[in-house]
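Architecture and fold: a report
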Amino acid sequence: MYDPSTPLHEVPLLFLDLETTGLSLGAGHRVCEVALLREENGQEQERFACLVDPGRPLDPGSAAVNGLNDAELAEAASFASVVPQIEALADGAILVAHNLAFDRAFLSFEMAQLGRPAFDGPGIDTLPLARRLLRRPSYGLKALTTTLQLPMPTHRAMDDVIALRALFHHLRDLMEAEGIITLGDTFRLERGLRPEAPEPEVPPVIAQALAEQRPLRIVYRSMSTPEPTARVVRPIYLSQEPNGLYLRAFCELRQNVRTFALAKIEAAELLD
């Protein structure tokens, strides 16, 4: 899509936030509000926000947070009816979100239900970027925007997109001050790699899975299970942390994105 050497300020960006009926796709939760804002050359081009009929009740916890109710959502647009606006705004842009894996998983699921392509291209996640660039007790969007005196999120999608965009611009200024100016530099920083740092050496099977976007069957030893467990994962990227190398991947067993220490992967094989 874009050459990694492209300066970040030249890349069209699509800031995304979703409200959902609950936190788990595996439990059948769905999107109930969408907000998007497209930016090019640092300037807003277009924005779109819409309530969506999820076809199921809100989880009480979610309703308490976002203030939505089942009656108003039952009268909202179907997700299918807003897909043209989503695809038009997303065309040629890099997704930006705070905890990108969550929003992208829900958005891609909704698209898949309609036979539309998933949003699985490259994206920028302000959560790991904030962790690399800032020292804060909490890295939630509200906590960060509060301490940085940026626009506040409200758990309504467009308010959160506006807060997200302000946070991204703040982080981009910090990156530029450190010589991190390209799209590729940004992706590497998410993974814990500064511009001068070499790519870490990894087992060939994991390198191949990442290069070919193929799933892996791994045997993993974790603190939560007394015995190593076999699980299928879909690798996303490798990250270099102070205590070692980690694989970020979607875990079929847990049905969400997890982080796996390479030192605890006892076996790995490629799947088709």
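Above this text you will find the structure in question.
In short, a report on the structure. (Residues numbered from 1 in each chain as written. Predicted model: local features only at pLDDT ≥ 70, side-chain atom pairs only at ≥ 80, totals over all residues. Heavy atoms only, no water.)

Quick word on unusual backbone geometry
- Of note, the phi angle at Asn99 is positive, near 70°, even though the residue is not glycine.
- Relative to the helices and strands, Asn99 is located in the loop between strand S4 (94–97) and helix H4 (100–113).
- On the basis of relative accessibility, which here comes to 30%, the residue Asn99 falls in the partly exposed class.
- The backbone of Gln149 shows a phi angle near 55°, a positive value even though the residue is not glycine.
- Of note, Gln149 is situated in the loop between helix H6 (141–147) and helix H7 (157–177). (Helix = DSSP H or I, 4+ residues; strand = E, 2+ residues; numbered from the N terminus. Buried < 20%, exposed > 50% of the residue type's maximum accessible area, 1.4 Å probe, protein only.)

As for the packing of helix H5 (residues 126–133) against helix H8 (residues 183–190)
- At their nearest, the axes of H5 and H8 sit 8 Å apart, and the two run at 75° to each other. It follows from the interaxial angle that H5 and H8 lie roughly perpendicular. The residues of H8 that touch H5, namely those facing Pro128, Leu129, Arg132 and Leu133, are Thr186, Leu189 and Glu190.
- Of the residues in the contact of H5 with H8, the class split is four nonpolar, one polar and two charged. (Axes fitted to C-alpha atoms, helices over the stretch in contact; angles between N-to-C directions. Parallel < 35°, antiparallel > 145°, perpendicular 65-115°, else oblique. Contact = heavy atoms within 4.5 Å. Nonpolar A, V, L, I, M, F, W, Y, C, P; charged D, E, K, R; others polar.)

Thoughts on the nonpolar core
- Core analysis: the largest hydrophobic core is formed by 32 residues, its most contacted members being Leu13, Phe15, Ile124 and Leu134.
- Examining the composition of this core, we find that ten residues originate from one element, H7, more than from any other.
- Of all hydrophobic cores here, the second largest spans 23 residues; its members include Val34, Phe48, Leu100 and Phe106. (Core = buried A, V, L, I, M, F, W, Y, C linked by side-chain atoms within 4.5 Å.)

Focus on the packing of aromatic side chains
- Counted under the stated rule, the structure contains three aromatic pairs.
- Ring geometry for Phe15 versus Phe168: centroids 5.6 Å apart, planes at 65°, classification edge-to-face. One end of the pair, Phe15, is in strand S1 (residues 13–20); the other, Phe168, is in helix H7, with 153 residues separating them in the sequence.
- Classification of Phe168 as buried rests on a relative accessible area of 0%.
- Taking the centre distance of 4.9 Å and the plane angle of 45° together, the rings of Phe102 and Phe106 count as tilted. (Phe/Tyr/Trp six-rings, centres within 6.5 Å; stacked < 30°, edge-to-face > 60°.)

A word on the sheet that holds S4
- Strands sit in the order S3-S2-S1-S4-S5 across an open sheet of five strands; the sheet is mixed. Among the strands making up the open sheet, the edge pair consists of strand S3 (43–51) and strand S5 (123–125). Averaged over all pairs of adjacent strands, the angle between their axes in this sheet comes to 20°, without regard to strand direction.
- Summarising the sheet, S4 and S5 pair through three bridges and their orientation is parallel. Looking across to S5, one finds that Val96 is bridged to Ile124.
- Contacting S1, strand S2 (31–40), S4 and S5, H4 runs over the sheet at an angle of about 80° to S1.
- Running at roughly 45° to S5, H8 makes contact with S4 and S5 of the sheet. (Pairing = 2+ DSSP bridges.)

Considerations on the sheet that holds strand S10 (residues 265–270)
- The five strands are arranged S9-S8-S7-S6-S10 in an open sheet whose pairing can be described as antiparallel. Pairing within the sheet leaves two strands with one partner each, and these edge strands are strand S9 (256–261) and S10. With direction set aside, neighbouring strand axes in the sheet form an average angle of 45°.
- The sheet contact formed by strand S6 (residues 216–220) and S10 spans five bridges and is antiparallel. Among the inter-strand pairings, Tyr220 is bridged to a residue of S10, identified as Ile265.

Concerning the side chain of Thr182
- Mapped onto the elements, Thr182 comes out in the loop between H7 and H8.
- Within the structure, the side chain of Thr182 is placed 2.9 Å from the backbone nitrogen of Asp185, a separation counted as a polar contact.
- Residue contacts for Thr182: discarding those within four places in its chain leaves Pro4, Ser5, Thr6, Pro7 and Leu8. (Polar contact = N/O pair within 3.5 Å; in protein donor to acceptor, adjacent residues only side chain to side chain.)

A few points about H7
- Compared with the 30 Å implied by 1.5 Å per residue over 21 residues, the 30 Å span of H7 between its first and last C-alpha is a close match.
- Immediately beyond the C-terminal end of H7, within one or two residues, lies Gly179, with a positive phi of roughly 80°. (Expected span 1.5 Å × (residues − 1).)

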